[in-house]
Amino acid sequence: ENGVVESVRVCMGQPEFKAEKIPVLTDGESFINQPMEVGGMQWNVTAVSVGNPHAVLFVSDIEQAPLTTLGPKLERHEAFPGGVNVEFVQVLSERELRMRVWERGSGVTMACGTGACASVTAAVRKGYCRYGEPVLVRLDGGTLRIQIDEDGRVTMTGPAETVYEGETVE
């Protein structure tokens, strides 16, 4: 608008659920909604790669999710030999999710585009959301619009803001 980019749409490709491609150590071919014992509690986890590995957990109340306690334990869990980003997701409706993220090597962050894509992909697999329907993912740092086409391709749309301008000095 008025010569300024306000949003960007990116094709993120197709998510990968094959265990060896994520990687996640399991006896099965994939790791979808599988029970894991972590921190003395049982959690259902979906592992997916969107160019990097993610563990998605659905919770009933995002504000009560154990982001800072369970996040680091899952990040370094032996099932994820390369580490993993951990998304806690509350389903608000079939067109809206609330997500918080523990990123591997960083801890709690305000947003994660690949994590939002992984969360919607997992939500579609569980039947919470539908293919072809845009889903708003509300993150601490803003909102992304994620759509999974019938062929599995993920598209992410989000705001674009100028954070820095500079000039070359010779």
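See above for the structure.
Participant: Mind laying out the pattern of salt bridges, listing which residues take part and the relevant values?
Facilitator: Counted under the stated rule, the structure contains eight salt bridges. Note that Asp140 and Arg98 form a salt bridge whose closest N and O atoms lie 2.6 Å from each other. A residue pair is termed long-range when its members are at least 10 positions apart, and Asp140 in the loop between strand E8 (135-139) and strand E9 (142-148) and Arg98 in strand E6 (residues 96-103) qualify at 42 residues. On the accessibility criterion, Asp140 (28% relative accessible area) is partly exposed. Here the salt bridges share partners, and the residues they tie into one network are Glu63, Arg98, Arg100 and Asp140.

Participant: Explain the nonpolar core residue by residue, including any values.
Facilitator: In this structure, Leu97, Met99, Val120, Val137 and Ile146 are the most contacted members of the largest nonpolar core, which totals 25 residues. Where this core is concerned, the elements lending two or more residues are E6, helix H2 (113-126), E8, E9 and strand E10 (154-159). Sort the elements by how many residues they give to this core and H2 lands first, with seven residues. Grouped together as the second largest cluster of nonpolar side chains are 23 residues, Val24, Ala55, Leu70 and Phe88 included.

Participant: Tell me about the side chain of Thr109, and name the residues and values.
Facilitator: Residue position: Thr109 is located in strand E7 (residues 107-109). For Thr109, the side chain forms a polar contact with the side chain of Glu103, separated by 2.6 Å. For Thr109, the side chain forms a polar contact with the main-chain oxygen of Ala111, separated by 3.3 Å.

Participant: Any chance you could break down helix H1 (residues 67-75) for me, citing the residues and the numbers?
Facilitator: One turn of the α-helix equals 3.6 residues, which is why residues spaced by three or four share an orientation. Taken as a whole, H1 has its buried residues at Leu67, Leu70, Gly71, Pro72, Leu74 and Glu75. Looking at the buried side of H1, the elements it contacts are strand E2 (34-38), strand E3 (41-49), strand E4 (53-58), strand E5 (85-93), E6 and E7.

Participant: Residues and numbers for the environment of Ala118, please.
Facilitator: Within the secondary structure, Ala118 sits in helix H2. Separated by 67 residues in sequence, Ala118 and Gly51 place their C-alpha atoms 9.9 Å apart. What Ala118 contacts, discounting residues up to four positions off in sequence, is Val48, Val50, His54 and Val56.

Participant: So what's going on with the packing of aromatic side chains? Residues and values would help.
Facilitator: Tallying each qualifying case throughout the model produces one aromatic pair. Considering the side-chain rings of Phe58 and Tyr128, the 5.0 Å spacing of their centres and the 65° angle between planes classify their relative orientation as edge-to-face. Within this pair, whereas Phe58 is found in strand E4, its partner Tyr128 is found in the loop between H2 and E8, the two being separated by 70 residues in sequence. Looking at Tyr128, the relative accessible area reads 33%, which means it is partly exposed. The ring centre of Phe17 lies 4.0 Å from the NZ or CZ of Arg125, which sits over that ring.

Participant: Break down the side chain of Ser49 for me, with residues and values.
Facilitator: Considering the arrangement of structural elements, one finds Ser49 in strand E3. Using a relative accessible area of 10% as the deciding quantity, one classes Ser49 as buried. Within the structure, the side chain of Ser49 is placed 3.5 Å from the backbone oxygen of Asn52, a separation counted as a polar contact. Beyond its immediate sequence surroundings of up to four residues, Ser49 is in contact with Pro15, Glu16, Lys21 and Ile22.

Participant: Which residues make up the pairing of E9, and what are the values?
Facilitator: Pairing of E8 with E9, which is carried by five bridges, proceeds in the antiparallel orientation. In the strand pairing of E9, Leu139 is matched with Gly142. Here E8 folds back onto E9, and the loop between the two strands holds two residues. Two strands pair when backbone bridges link them, and E9 and E10 are joined in this way by four bridges, in the antiparallel orientation. Within the sheet, the bridge partner assigned to Ile146 lies in E10 and is Met156. Linking two consecutive strands that pair antiparallel, namely E9 and E10, is a turn of five residues; a positive phi of about 95° is found at Gly152 within it.

Quick notes on the rules
- Residues numbered from 1 in each chain as written.
- Predicted model: local features only at pLDDT ≥ 70, side-chain atom pairs only at ≥ 80, totals over all residues.
- Heavy atoms only, no water.
- Salt bridge = Lys/Arg side-chain N within 4 Å of Asp/Glu carboxyl O.
- Helix = DSSP H or I, 4+ residues; strand = E, 2+ residues; numbered from the N terminus.
- Buried < 20%, exposed > 50% of the residue type's maximum accessible area, 1.4 Å probe, protein only.
- Core = buried A, V, L, I, M, F, W, Y, C linked by side-chain atoms within 4.5 Å.
- Polar contact = N/O pair within 3.5 Å; in protein donor to acceptor, adjacent residues only side chain to side chain.
- Contact = heavy atoms within 4.5 Å.
- Phe/Tyr/Trp six-rings, centres within 6.5 Å; stacked < 30°, edge-to-face > 60°.
- Lys NZ or Arg CZ within 6 Å of the ring centre and 35° of its normal.
- Pairing = 2+ DSSP bridges.

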